[in-house]
Amino acid sequence: MARAALQLLTLLWVVAGTSTQTRSSCSVPPAEQPLVNGIQELMERSVTSSAFPNPSVLIAMNLAGAYNTEAQKLLTYELMASDTSDLTTGQLALTIMALTSSCRDPGDKTDILHRQMESWAPSSLDTYASAFYGPSLAILALCQDNPEKTLPIAARFAKILMATSSPLNTDTGAVVTLALTCMYNKIPVGSEEGYRALFSQVLRNTVENISVRIQDNGIIGDVYSTGLAMQALSVTPERPTKEWDCQKTMDTVLTEIKEGKFHNAMAIAQILPSLKGKTYLDVPHVSCSPDHEVQPTLPNHPSPSPTSASNITVIYTVNNQLRGVELLFNETISVSVKRGSVLLIVLEEAQRKNPKFKFETTMTSWGLVVSSINNIAENVNHRTYWQFLSGKTPLNEGVADYIPFNHEHITANFTQY
């Protein structure tokens, strides 16, 4: 009955509880609501006791209203028990927001994140733009916990953004907008007016950068970046010069869903809050129903026992033949990993066996993305990046930490677009 009622609702962007924050109005037509319900159920089915606990999925479930409460509880318990020493700044921030949206106390995770951000600085002012993604999530999570304590950290972050020479990609710009909008809306009474002017200027620049990526059909950047961009453009106090047609974006996204573009959990977690009229700014305001303190159990499927039969040998090649780059190489190594492992496991095993395969990652909305291999890093100004392929087929598993794969040959090519 409740599900049927949900299908009849038109989801509207609502007015927020602060005078500085307005939301653009767009909705999912009632006839299309089953599409939204369908991808949410698909996302929730990805949660198993054998899967990597994904905080983005839990945030999406909590903002949307979970159908599978057992999966919701499982993710919550796993994230509560997660080891912060293994998390990047962005992953830790997402974990804190996931627990907050579950009405759970993140414990010392927030203090750890605060200390990390007090000492954070980019390696240089021309750092690749995605390097700002994780710290932006950190500012957002800290703002939601204690904006007054976060104010000097956020101000320093905003000044660094103003000085950086690299243009922000759509995902990073969207999270910067959400983080600084949170700070803008929660500047403590009596604070210097210069904080508001600083955040306003950075927001204006960032929102303009997002708006130039709005395509004629309403997609912002690409179809997977659109969910975060919708969140950002719906709440920012600084409006872009180019008018955004929210409903056109919504209608195009729904068409993409019909065509099966949103088929994995991370893609769905990115778009679902926007489809439900929510943003990451709503994380502290989720209403949680009482539950029993009984640890949930979900089927461990499909996960065979760790025997030799469950392992695969992956032939992994790293290749750079790009002219103008000093370090040229083509190296191959065989590694044995459990079938269904994520790419990060393959890279770590290769690095363990041979230092020629060392790599670095950056945090993005999809998770950890490989940004550097063998001391060669992607560069937005040179339009170069690392691409993973199986044969000649590009893999989405450039996202290293969430998406399982079973390919027996993978190649990392340094390439130019």
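The rules behind the values
Residues numbered from 1 in each chain as written. Predicted model: local features only at pLDDT ≥ 70, side-chain atom pairs only at ≥ 80, totals over all residues. Heavy atoms only, no water. UniProt positions renumbered as here; feature names shortened; annotations may be inferred. Helix = DSSP H or I, 4+ residues; strand = E, 2+ residues; numbered from the N terminus. Buried < 20%, exposed > 50% of the residue type's maximum accessible area, 1.4 Å probe, protein only. Contact = heavy atoms within 4.5 Å. Areas by Shrake-Rupley, 256 points an atom, 1.4 Å probe, with all protein chains shown as cover. Salt bridge = Lys/Arg side-chain N within 4 Å of Asp/Glu carboxyl O. Core = buried A, V, L, I, M, F, W, Y, C linked by side-chain atoms within 4.5 Å. Disulfide = S-S within 2.5 Å. Phe/Tyr/Trp six-rings, centres within 6.5 Å; stacked < 30°, edge-to-face > 60°. Lys NZ or Arg CZ within 6 Å of the ring centre and 35° of its normal. Pairing = 2+ DSSP bridges.

An unreviewed UniProt entry lists the protein chain under the name Cobalamin binding intrinsic factor, with Catagonus wagneri as the source organism. Regarding the protein chain, the UniProt comment filed under Sequence similarities (unreviewed entry) reads as follows: "Belongs to the eukaryotic cobalamin transport proteins family." Taken verbatim from the UniProt record of the protein chain, the Subcellular location (unreviewed entry) comment is "Secreted".

Draft legend 1. Representation of the overall build of the protein chain. Within the protein chain one finds 14 helices and 8 strands. Within the span of the protein chain, comprising 417 residues, buried residues form 53% of the whole. Considering only contacts in the protein chain between residues 6 or more positions apart, those separated by 24 or more positions represent 70%. With an accessible surface of roughly 18500 Å², the protein chain has 51% of that area assigned to carbon and sulfur atoms.

Draft legend 2. Region of interest: the pattern of salt bridges. A full pass over the atoms with the stated rule returns 7 salt bridges. Residues Lys258 and Glu32 are paired through a salt bridge, measuring 3.2 Å at the closest nitrogen-oxygen approach. Separated by 226 residues along the polypeptide, Lys258 in helix 12 (residues 246–258) and Glu32 in the loop between helix 1 (2–8) and helix 2 (33–45) bring together distant segments of the chain. Ionic pairing is found between Glu259 and Lys261, a salt bridge with its closest N-O pair at 4.0 Å.

Draft legend 3. Focus on the nonpolar core. Grouped together as the largest cluster of nonpolar side chains are 92 residues, with contacts concentrated most on Met43, Met97, Phe199 and Leu275. The element contributing the most residues to this core is helix 9 (residues 170–185), with 9 residues. One finds Ile333, Phe357, Val370 and Phe388 within the second-largest nonpolar core, a separate group that totals 26 residues.

Draft legend 4. Expanded view of the state of the cysteines. Applying the stated criterion across every chain, the model contains 3 disulfides. Sulfur-sulfur distance for the disulfide between Cys26 and Cys246 comes to 1.9 Å. On the criterion of sequence distance, the pair formed by Cys26 in the loop between helix 1 and helix 2 and Cys246 in helix 12 is long-range, its members being 220 residues apart. On the basis of relative accessibility, which here comes to 3%, the residue Cys26 falls in the buried class. Exposure remark for Cys246: the relative accessible area of 4% places this residue in the buried category. Disulfide partner of Cys143: Cys182, at an S-S distance of 2.0 Å.

Draft legend 5. Summary view of the packing of aromatic side chains. Within this structure, the stated rule accounts for 8 aromatic pairs. Ring centres of Tyr195 and Phe199 lie 6.5 Å apart, and the angle between their planes is 25°; this geometry places the pair in the stacked category. Here the residue Tyr195 and the residue Phe199 both occupy positions in helix 10 (residues 193–211), the gap between them amounting to 4 residues, near one helical turn. Classification of Tyr195 by relative accessible area gives partly exposed; the value is 22%. Take Phe199: its relative accessible area is 0%, and that puts it in the buried class. Where Phe329 meets Trp386, the ring centres are 6.4 Å apart and the plane angle is 15°; that geometry is what we call stacked. A residue pair is termed long-range when its members are at least 10 positions apart, and Phe329 in strand 2 (residues 329–338) and Trp386 in strand 6 (residues 384–390) qualify at 57 residues. In this structure, Phe329 and Trp386 share a single accessibility class: buried. Ring-pair connections join several aromatic residues into one group, and the members of that group are Trp120, Phe132 and Phe157. A cation sits over an aromatic face here: Arg104 above Tyr77, 5.7 Å from the ring centre.

Draft legend 6. The pairing of strand 1 (residues 311–320), seen in detail. Burial analysis of strand 1 places 7 of its 10 residues in the buried class, which makes it a mostly covered element. Inspection of the sheet shows strand 1 paired to strand 2 by 10 bridges, in the antiparallel sense. Considered in strand 2, the bridge of Thr313 is made with Ser336. Two elements, strand 1 and strand 8 (residues 409–416), share 5 bridges in a ladder whose sense is parallel.

Draft legend 7. Expanded view of helix 13 (residues 265–275). Of all 11 residues in helix 13, 11 are buried, a share of seventy percent or more. When helix 13 is considered as a whole, its buried residues turn out to be Ala265, Met266, Ala267, Ile268, Ala269, Gln270, Ile271, Leu272, Pro273, Ser274 and Leu275. Looking one or two residues beyond helix 13, the residue adopting positive phi is Gly277, at roughly 70°.

Draft legend 8. Broad picture of the environment of Arg156. Along the chain, Arg156 turns up in helix 8 (residues 147–163). Since its relative accessible area comes to 30%, Arg156 is described here as partly exposed. C-alpha separation for the pair Arg156 and Ala121, spaced 35 residues apart in sequence, amounts to 9.4 Å. Beyond its immediate stretch of four places on either side in the chain, Arg156 contacts Met117, Glu118, Ser119 and Trp120.

Draft legend 9. Examining the UniProt feature "binding site: cyanocob(III)alamin" (unreviewed entry) in the protein chain more closely. UniProt marks Asp171, Asp222, Gln270, Leu395 and Tyr417 with the feature "binding site: cyanocob(III)alamin" (unreviewed entry), using the numbering shown here. As for its position among the elements, Asp171 is in helix 9. Its relative accessible area of 10% is what places Asp171 among the buried residues. As for its position among the elements, Gln270 is in helix 13.

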